[in-house]
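# Per-entry structural report
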Amino acid sequence: MNSSLRTLRKPIPFVLTAWLLAFAISPLIASVGISRHGRSLARVVVAPKATETERFAAGELSLFLHIVTGATFPVTEDPGAPGGRLLVGPEAARLAGHDIGASNLAPEEIVVRTAGGDLVLAGGSPRGTLYAVYAFLED
């Protein structure tokens, strides 16, 4: 009986985490416009020469936003028009026209900020970019 109770408890922290995540990111959703009524208003952008770690970070961002909102967030290398972009990595931000001063960042230092209708998630290294994505999702 104990093992079945443990099995039933596993989904509860996940659901609670997703619920809390939805409320934690709501102030940023309002200023960037990530999704509405289960439809994505944004796309995740990586640079064409993004590292494997930066691509993983973009995939994590896309996955967890899908879990919270129900919308699908495509990951693309094309920055396209300004607004509605979730820019993952300093090179993606630079290609989209946002200078975040990445050369001045320490390897594990992060940038999480809005720039116009875009959200920039970057770090001083690929691992720093992954930390920026997780900080955004967590906070």
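Look up a bit, the structure's there.
Residues numbered from 1 in each chain as written. Predicted model: local features only at pLDDT ≥ 70, side-chain atom pairs only at ≥ 80, totals over all residues. Heavy atoms only, no water.

### Some remarks on the nonpolar core
To keep it simple, the criterion reads: Here, nonpolar core means buried Ala, Val, Leu, Ile, Met, Phe, Trp, Tyr and Cys residues that are tied together by side-chain atoms lying within 4.5 Å of each other. For every residue, the accessible area obtained with a 1.4 Å probe (protein chains only) is divided by the maximum for its type, and the residue is called buried under 20%, exposed over 50%, and partly exposed between those limits. Note on conventions: DSSP H or I runs of at least 4 residues are helices, E runs of at least 2 residues are strands, and numbering of each starts at the N terminus. By definition in these notes, contact holds between two residues if any of their heavy atoms fall within 4.5 Å.
Counting residues in each nonpolar core, the largest one holds 20 residues, and the members touching the most others are Leu 61, Leu 65, Leu 86, Val 88 and Phe 136. Mapped by element, the contributors of at least two residues to this core are helix H4 (52-69), strand S5 (85-88), strand S7 (118-123) and helix H6 (126-138). Top contributing element to this core by residue count: H6, with five residues. Once residues within four sequence positions are removed from consideration, Leu 61 is found in contact with Val 44, Leu 86, Val 88, Leu 121, Val 133, Phe 136 and Leu 137. Counting 11 residues, the second largest nonpolar core, distinct from the first, contains Val 45, Ala 93, Ile 100 and Ala 122.

### Let's talk about the side chain of Glu 60
Put simply, the test is: As used throughout, the charge tally considers Lys and Arg to be positive and Asp and Glu to be negative, leaving His and the chain termini uncounted. Here a salt bridge means any side-chain nitrogen of Lys or Arg lying within 4 Å of a carboxyl oxygen belonging to Asp or Glu.
Counting through the fold element by element, Glu 60 comes out in helix H4. Salt bridges are absent for the buried Glu 60, whose nearest opposite-charge side chain, Arg 55, sits at 15 Å. Contact partners of Glu 60, with chain neighbours within four places excluded, come to Tyr 134 and Leu 137.

### Re H4
Here is the rule we go by: Expected helix span is taken as 1.5 Å per residue step, with the number of steps being one fewer than the number of residues.
For H4, which comprises 18 residues, the first-to-last C-alpha distance of 26 Å matches the rise-based estimate of 26 Å (1.5 Å per residue) to within 8%. Taken together, the buried positions of H4 are occupied by Glu 54, Ala 57, Ala 58, Glu 60, Leu 61, Ser 62, Leu 65 and Thr 69. Just downstream of H4, Gly 70 is the residue with a positive phi angle, here 85°.

### Some words on the packing of H4 against H6
Threshold: Interaxial angle, 0 to 180 degrees, is taken between N-to-C directions of lines fitted to C-alpha atoms, where a helix line uses only the stretch in contact. By definition in this entry, angles of less than 35 degrees are roughly parallel, angles greater than 145 are roughly antiparallel, angles of 65 to 115 are roughly perpendicular, and the rest are oblique. When residues are grouped by polarity, Ala, Val, Leu, Ile, Met, Phe, Trp, Tyr, Cys and Pro land in nonpolar, Asp, Glu, Lys and Arg in charged, and all others, Gly among them, in polar.
Packing of H4 against H6 leaves a shortest axis separation of 8 Å and a crossing angle of 10°. Relative to H6, the element H4 is oriented roughly parallel. Within the contact between the two elements, H4 uses Thr 53, Glu 54, Phe 56, Ala 57, Glu 60, Leu 61, Phe 64 and Leu 65 and H6 uses Pro 126, Arg 127, Thr 129, Leu 130, Val 133, Tyr 134, Phe 136 and Leu 137. The residue makeup of the contact of H4 with H6, split by class, is 11 nonpolar, two polar and three charged.

### Quick word on the pattern of salt bridges
The tally for this structure, following the rule as stated, stands at four salt bridges. The salt bridge involving Arg 85 is made with Asp 118; its shortest N-O contact spans 2.6 Å. In this pair, Arg 85 sits in strand S5 while Asp 118 sits in strand S7, placing the two residues 33 residues apart along the sequence. The same class applies to Arg 85 and to Asp 118, which are both buried. One salt bridge in this structure joins Arg 127 and Glu 108, with 2.7 Å as the shortest N-O distance. Taken together, the positions of Arg 127 in helix H6 and Glu 108 in the loop between helix H5 (90-95) and strand S6 (110-115) put the pair 19 residues apart, joining distant regions of the chain.

### Section: the sheet that holds S7
Quick note on the threshold: Strand pairing follows a simple DSSP-based rule, namely that at least 2 bridges must link the two strands.
Taken together, five strands build an open sheet; the order of strands is S4-S3-S5-S7-S6 and the sheet is mixed. Both edges of this open sheet fall to strand S4 (75-76) and S6, since each of them pairs with a single strand only. Relative to S7, S5 runs parallel, the two sharing three bridges. The residue of S7 that forms the bridge with Val 88 is Leu 121. Along the sheet, H4 makes contact with strand S3 (43-45), S4, S5 and S7, crossing S5 at roughly 145°.

### Considerations on the environment of Leu 63
Summarising the element assignment, Leu 63 is placed in helix H4. Leu 63 gets classed as partly exposed once you look at its relative accessible area, which sits at 41%.

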